[in-house]
Amino acid sequence: MRHGVDVKLLPQDQELYVLARSRMRVHEERAMRRRQLKRLWGRLQQMATMELTREALLMKLGAARAEAPAAWRLLDIEVAEHGAAFSFTLNRAKLRKVRQREGRYLLRSNLGGHDPAELWQFYIQLVEVEAAFKNLKDDLQLRPIFHQVESRIEAHIFVAFMACSCRPSHRPGSPQTAASTPHRTAHVVKTFQRRPLIILPFLLLRRPSWESWAGAASTSFNGGSLIILSRQLNQWHAMISGKRSLPAICAVMLMSASLQASPAAEACTRFVYLGANEVITARSMDWKSDVGTNLWVFPRGMKRSGEAGPNSIHWTSKYGSVIASGYDISTTDGMNEAGLVANVLWLVESSYPKYDGKMPGLSLAAWAQYVLDNFATVRQAVDALAKEPFIVVTDSVPGEERLATLHLSLSDASGDSAIIEYIDGRQVIHHGRDYQVMTNSPIFEKQLALNEYWKQIGGTVMLPGTNRASDRFARASFYVNAIPKGENPAEAIASVFSVIRNVSVPYGITTPDQPNISSTRWRSVSDQKRKLYFFESALTPNIFWVDLTKLDFSEGAGKVMKLDLGPNQTHIYSGMANDQFKESAPFKFLGL
């Protein structure tokens, strides 16, 4: 059973109930409720200061209720019988009941022989499928399909199930590929008619979404379980094949299923290439405006502060590094002399612990630099960070009124990798050589689940092509393992650059209300065996590189140096740029 989840079995007659409590979901749902309640409370306070007519007030209250229905139920709102006056208070009794129910689920099932933990996993799978169908409708702007007649409900589920079942016959190399689709579909129908059906294993104690049941049936079949909510396949087949061919309907459903999506795209992509003799990490930097990037050389022996107030963490750098700055107030990317690479990418779901000054603090701007200064390998970094020696403290993005929300990726010369995120105020570490790719939203665990879907389809058949984070994740994951693993390091670098360009966003594309869905500003490629740091700006014609083996990182003799890349990184360099760096005073990390 997953850590943090408790289940309790309650058998009754021919059914059983599973009471599950997930501590992770307690935190997740509590954070969602707090955010919604905070937004609603602020909106009501704002409305209280407005001069409104009674009609305008009622319209605004209705809009606020529609935007935050769950939070609305926790408030007692009274509107004066005449005029535009109203009052609102928090109903603490209702709030206590909601808090007691958060993260707790009662599942009902007729599969008495199954382990309660397994039923909980079924439920989690259903939730993920519901989210996929919801995002599918959002991206394609499909209206919900409401069925009121039972036979149509069953037909809808059957079509989704058939699309999944027929999918293998459309894959290249499948023995059924040469067979005609109608014959293949008829064979599948006859096969299912001969097999016993299992009733859908659990009915949640809430209003169901029939499209989600269909998705659950399809996804569960992929995992090896035949789960259908229905009765007679003959009725389904006769009803669907009346005016439209079953193969045609299945083909449409298959196409729709293949377009399942994730939340809106965020900035940047990072991946690790594991070659025959090479380990290479590449990343892109996507943002709506110039991030003020310059390259810096930092030697060993630098005295550092976490820039989080009086109780900041302090350290002295053990390793020299070459880094790419953000606004010359933070480290966004870099490699140290041991071959450890650190990259920070945007993650809107990030939520850091509340900082009260009691524990040592570290500015988010110095997070990557702390790792580069102190560790030679991912294992060393993970072991140290798992002890949580500091609290990460964030601040506003320069020039904006919102907090910076980032997650951190690490890789070393052995090919080891780690992804570190803060979700609901808790540090989450994914450590392993398999974690080669990182983009942005959703959180890394969900990105892995989405990527599994595309692996089943196969990158040579179809890959998602938008600039959404989940689509870039799927493309990077496929191509970084598809490109040749030869012995020539120059060809390896060329292959890696081709992949990072494939997942970049064309220059000039921006979304005003979503600044992180923006143009790729620059790309970096770190050769961790040869200690070469390559850099490419979107606005210059050349790639140039820094050879870390030819830099003086020694304490005392080594100097802090800067390579000025100019506005929008338009200064042109080519070849090895070591001698273009100029001695400079180090920048100060943004902090409290």
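For every chain, the first residue of the written sequence is number 1, and numbering continues from 1 along that sequence. Local features in a predicted model are, by the rule used here, given only for residues with pLDDT of at least 70; side-chain atom pairs are given and counted only at 80 or more, and totals for whole chains, interfaces and linings are based on all residues. Excluded from the side-chain calculations are hydrogens and water; all other atoms, namely the structure's heavy atoms, are used.

J.: Describe the sheet that holds strand E18 (residues 426-431), with residues and values.
T.: Should DSSP find at least two bridges between two strands, the strands are taken to pair. What counts as a helix is a DSSP run of H or I of at least four residues, what counts as a strand is a run of E of at least two, and both are numbered from the N terminus. Reading across the sheet, the nine strands line up as E18-E17-E16-E13-E12-E11-E8-E23-E25 and stay open at both edges, with antiparallel pairing between neighbours. Whereas interior strands pair on both sides, the edge strands pair on one side only; in this sheet they are E18 and strand E25 (582-583). Bridge count between strand E17 (residues 417-423) and E18: six bridges; the pairing is antiparallel. Bridge pairing in E18 links Ile420 to Ile429.

J.: Could you give an account of the pairing of strand E13 (residues 341-346), with specific residues and numbers?
T.: Of all six residues in E13, six are buried; the element is thus mostly enclosed. Relative accessible area decides the class of each residue, using a 1.4 Å probe on protein chains only: under 20% of the type maximum gives buried, over 50% gives exposed, and in between gives partly exposed. Residues Val341, Asn343 and Leu345 point to one face of E13 and Ala342, Val344 and Trp346 to the other, with burial holding for every one of them. Counted between consecutive antiparallel strands, the loop separating strand E12 (residues 330-336) from E13 contains four residues, among which Gly339 sits at a positive phi close to 95°. Bridge analysis of E13 against strand E16 (residues 406-411) gives six bridges, and the strand direction is antiparallel. For Trp346, the partnering residue across the bridge sits in E16 and is Leu406.

J.: Which residues make up the nonpolar core, and what values do they have?
T.: Nonpolar cores were defined as sets of buried Ala, Val, Leu, Ile, Met, Phe, Trp, Tyr and Cys residues, with membership established by side-chain atoms within 4.5 Å. Counting residues in each nonpolar core, the largest one holds 85 residues, and the members touching the most others are Phe271, Leu295, Trp367, Tyr370, Val371, Leu408 and Tyr533. With six residues, helix H15 (residues 489-502) is the largest single contributor of residues to this core. Sequence-distant contacts of Phe271, that is, excluding residues within four places in its chain, are made with Ile280, Thr281, Ala282, Gln436, Val437, Ala476, Val480, Val496, Val499 and Ile500. Within the second largest apolar cluster, 13 residues are counted, among which are Leu37, Leu61, Ala64 and Phe88. Any two residues whose heavy atoms approach within 4.5 Å at even a single point are treated as in contact.

J.: Explain the side chain of Arg475 residue by residue, including any values.
T.: The topology assignment puts Arg475 in helix H14 (residues 469-482). The positive count covers Lys and Arg only, the negative count covers Asp and Glu only, and His and the chain ends enter neither. In the sections that follow, a salt bridge refers to a side-chain nitrogen of Lys or Arg positioned within 4 Å of a carboxyl oxygen of Asp or Glu. Buried charged residue Arg475 carries no salt bridge. Nearest counter-charge: Asp471, at 5.3 Å. When neighbours within four sequence positions are excluded, Arg475 is seen to be in contact with Leu463, Pro464, Gly465, Thr466, Asn502 and Val503.

J.: Provide a residue-level description of the packing of aromatic side chains, including the pertinent values.
T.: Aromatic rings from Phe, Tyr and Trp, with only the six-membered ring used for Trp, were paired whenever their centres fell within 6.5 Å, and each pair was classed as stacked if the ring planes differed by under 30 degrees, edge-to-face if by over 60, and tilted otherwise. Under the criterion given, the structure shown has 18 aromatic pairs. An angle of 90° between the planes, with centres 6.4 Å apart, marks the rings of Phe497 and Phe534 as edge-to-face. Here Phe534 lies in strand E21 (residues 532-537) and Phe497 lies in helix H15, a separation of 37 residues in the sequence. The burial state of Phe497 is the same as that of Phe534; both residues are buried. Of the aromatic side chains, those joined through ring pairs into one cluster are Trp296, Phe298, Phe587 and Phe589.

J.: Requested: an account of the side chain of Glu307, with residues and values cited.
T.: Among the secondary structure elements, Glu307 is positioned in the loop between strand E9 (303-305) and strand E10 (314-316). Contact partners of Glu307, with chain neighbours within four places excluded, come to Ser312, Ser363, Lys588, Phe589, Leu590, Gly591 and Leu592.

J.: Which residues make up H14, and what values do they have?
T.: An expected span of 1.5 Å times one less than the residue number is assigned to each helix. The end-to-end C-alpha distance of H14 is 20 Å, a good match for the 20 Å that 14 residues give at a rise of 1.5 Å each. Burial of H14 is extensive: ten of the 14 residues sit out of reach of the surface. Among the residues of H14, those classed as buried are Ala469, Ser470, Asp471, Arg472, Phe473, Ala474, Arg475, Ala476, Ser477 and Val480.

J.: How would you sum up the environment of Ser284? Please name residues and give values.
T.: Mapping Ser284 onto the fold places it in strand E7 (residues 279-286). Sequence spacing of Ser284 and Ser504 is 220 residues, and the spatial spacing of their C-alpha atoms is 6.6 Å. The residues contacting Ser284, other than those within four sequence positions of it, are Cys268, Thr269, Ile500, Ser504, Thr520, Trp522 and Arg523.

J.: A description of the sheet that holds strand E20 (residues 520-527) should follow, citing residues and the corresponding values.
T.: Sheet strands line up and pair through hydrogen bonds in the backbone, either parallel or antiparallel. Strand order across the open sheet formed by seven strands is E19-E6-E7-E20-E21-E22-E24, with mixed pairing between neighbours. Sheet topology places strand E19 (437-438) and strand E24 (575-576) at the edges, where each strand pairs with a single neighbour. Bridging between strand E6 (residues 269-274) and E7 involves six bridges; their strand directions are antiparallel. Its bridge partner lying in E7, Val272 is registered against Thr281. Its contacts with the sheet put H15 on E6, E7, E20, E21 and strand E22 (543-547), and the angle it makes with E7 is roughly 30°. Here, axes are lines fitted to C-alpha atoms. For helices the fit covers the stretch in contact, and angles between N-to-C directions go from 0 to 180 degrees.

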